[in-house]
Amino acid sequence: AQTVTQSQPEMSVQEAETVTLSCTYDTSESNYYLFWYKQPPSRQMILVIRQEAYKQQNATENRFSVNFQKAAKSFSLKISDSQLGDTAMYFCAFMKPTGNQFYFGTGTSLTVIP
Amino acid sequence: EPEVTQTPSHQVTQMGQEVILRCVPISNHLYFYWYRQILGQKVEFLVSFYNNEISEKSEIFDDQFSVERPDGSNFTLKIRSTKLEDSAMYFCASTLTGGYTEAFFGQGTRLTVV
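Cut-off values and rules
- Residues numbered from 1 in each chain as written.
- Chains lettered and ligands numbered in written order.
- Predicted model: local features only at pLDDT ≥ 70, side-chain atom pairs only at ≥ 80, totals over all residues.
- Heavy atoms only, no water.
- Contact = heavy atoms within 4.5 Å.
- Buried area = accessible area lost by both parts, 1.4 Å probe.
- Salt bridge = Lys/Arg side-chain N within 4 Å of Asp/Glu carboxyl O.
- Polar contact = N/O pair within 3.5 Å; in protein donor to acceptor, adjacent residues only side chain to side chain.
- 1 Å grid on protein atoms, 1.4 Å probe; cavity = no way out; pocket = protein on both sides within 12 Å on 5 of 7 lines; lining within 4 Å.
- Points joined across faces, edges and corners; volume = space filled by probe spheres on them.
- Buried < 20%, exposed > 50% of the residue type's maximum accessible area, 1.4 Å probe, protein only.
- Helix = DSSP H or I, 4+ residues; strand = E, 2+ residues; numbered from the N terminus.
- Pairing = 2+ DSSP bridges.
- Disulfide = S-S within 2.5 Å.
- Axes fitted to C-alpha atoms, helices over the stretch in contact; angles between N-to-C directions.

Okay, the interface of chain B and chain A next. How big an interface is tends to be stated in terms of accessible area lost as the parts join. Contacts between the two partners involve 21 residues from chain B, matched on the other side by 22 residues from chain A. Counting the surface lost from both chain B and chain A, the interface buries some 2,000 Å², and carbon and sulfur atoms represent 54% of this. Three residues stand out in chain B for area buried against chain A, namely Lys-42, Tyr-100 and Phe-105 of chain B, and they jointly supply 36% of the buried area on that side. At the boundary of chain B with chain A, the tally comes to zero salt bridges. Where chain B touches chain A, the interface holds seven residue pairs in polar contact (both at pLDDT 80 or more).

The next subject is empty space enclosed by the protein. Vacant regions in the atomic arrangement are exposed by a probe of water-molecule size rolled over the atoms. Applying the stated criterion across every chain, the model contains one cavity of 30 Å³ or more. Along the walls of the largest cavity sit Met-95, Asn-100 and Phe-102 of chain A together with Tyr-33, Tyr-35, Thr-95, Gly-99, Thr-101 and Ala-103 of chain B, which together make up its complete lining.

All names here are of chain A. Here strand β12 (residues 108-113) shows one buried face, formed by Thr-108, Leu-110 and Val-112, and one open face, formed by Ser-109, Thr-111 and Ile-113. Examined bridge by bridge, strand β2 (residues 10-14) and β12 share five bridges and lie parallel to one another. Bridge pairing in β12 places Ser-12 opposite Thr-111. Bridging between strand β10 (residues 88-95) and β12 involves three bridges; their strand directions are antiparallel. When the bridges of β12 are listed, Met-89 appears paired with Ser-109.

Here we come to the state of the cysteines. Residue and element names in this part refer to chain A. Under the definition given, this model contains two disulfides over all chains. Covalently, Cys-23 is tied to Cys-92 through a disulfide, its sulfur atoms 1.9 Å apart. The S-S bond linking Cys-23 to Cys-92 shows a torsion near -70°; that makes this disulfide left-handed. With a gap of 69 residues between them, Cys-23 in the loop between β3 (19-21) and β4 (24-26) and Cys-92 in strand β10 connect regions that are remote in the sequence.

This brings us to the sheet that holds strand β3 (residues 19-24) of chain B. Residues and elements named next belong to chain B. Spatial ordering of the open sheet is given by β1-β3-β8-β7, a layout of four strands whose pairing is antiparallel. Two strands in the sheet have a free side with no partner beyond their single neighbour: β1 (5-7) and β7 (65-68). Between one strand axis and the next, the sheet turns by 20° as a mean value, whatever way the strands run. Strand direction decides the pairing type here: β7 and strand β8 (residues 75-79), joined by four bridges, are antiparallel. Paired with Ser-66 across the strands is Lys-78, a residue of β8.

Structural data, given as structure tokens:
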């Protein structure tokens, strides 16, 4: 079975600062996909960034980057130059290479403080 | 920008009643999903649907649940006889293809069973 753990229920960061959200997962699969989704208050979940496990290079999308440590089964999200619009619930998710379902963590509520 | 829409945003129903949650996926998407999140818990996969049939379902998705794409645009989740423990936020999602692809989520329907 696949499990995803986000150990930080809530975090806050000052505007323009950098914050890292943690995610660990457990799986016996050798290849898989990892995602970070963001859910702003009263809005839809939207994709922030994704990573294929067989790619060693960490994914980057503008101010968002990941630190993917396959051996440690860790997939943290770094947000640089935090903006007020980054305030949201962030979900880490795992997907097996076969099948379409996400396995989500419990989420981290991030507040960016002006 | 295309988005997944869900109606209603909040539904209150009496225990034992049937409820239908509605979703309009993105028009050219081929795969459709339902997830749910009980308050304070993880977002959990319920079912995926492709080519007019269920492609995967979780153990949560028992005989009281059913899904349908009645008219080529709506995607519905029916709960036949609601229980108190069905109270949750239900999210619909759609993807253009299966597997490693961006999922687009709706805002969710909060179902409260009383």
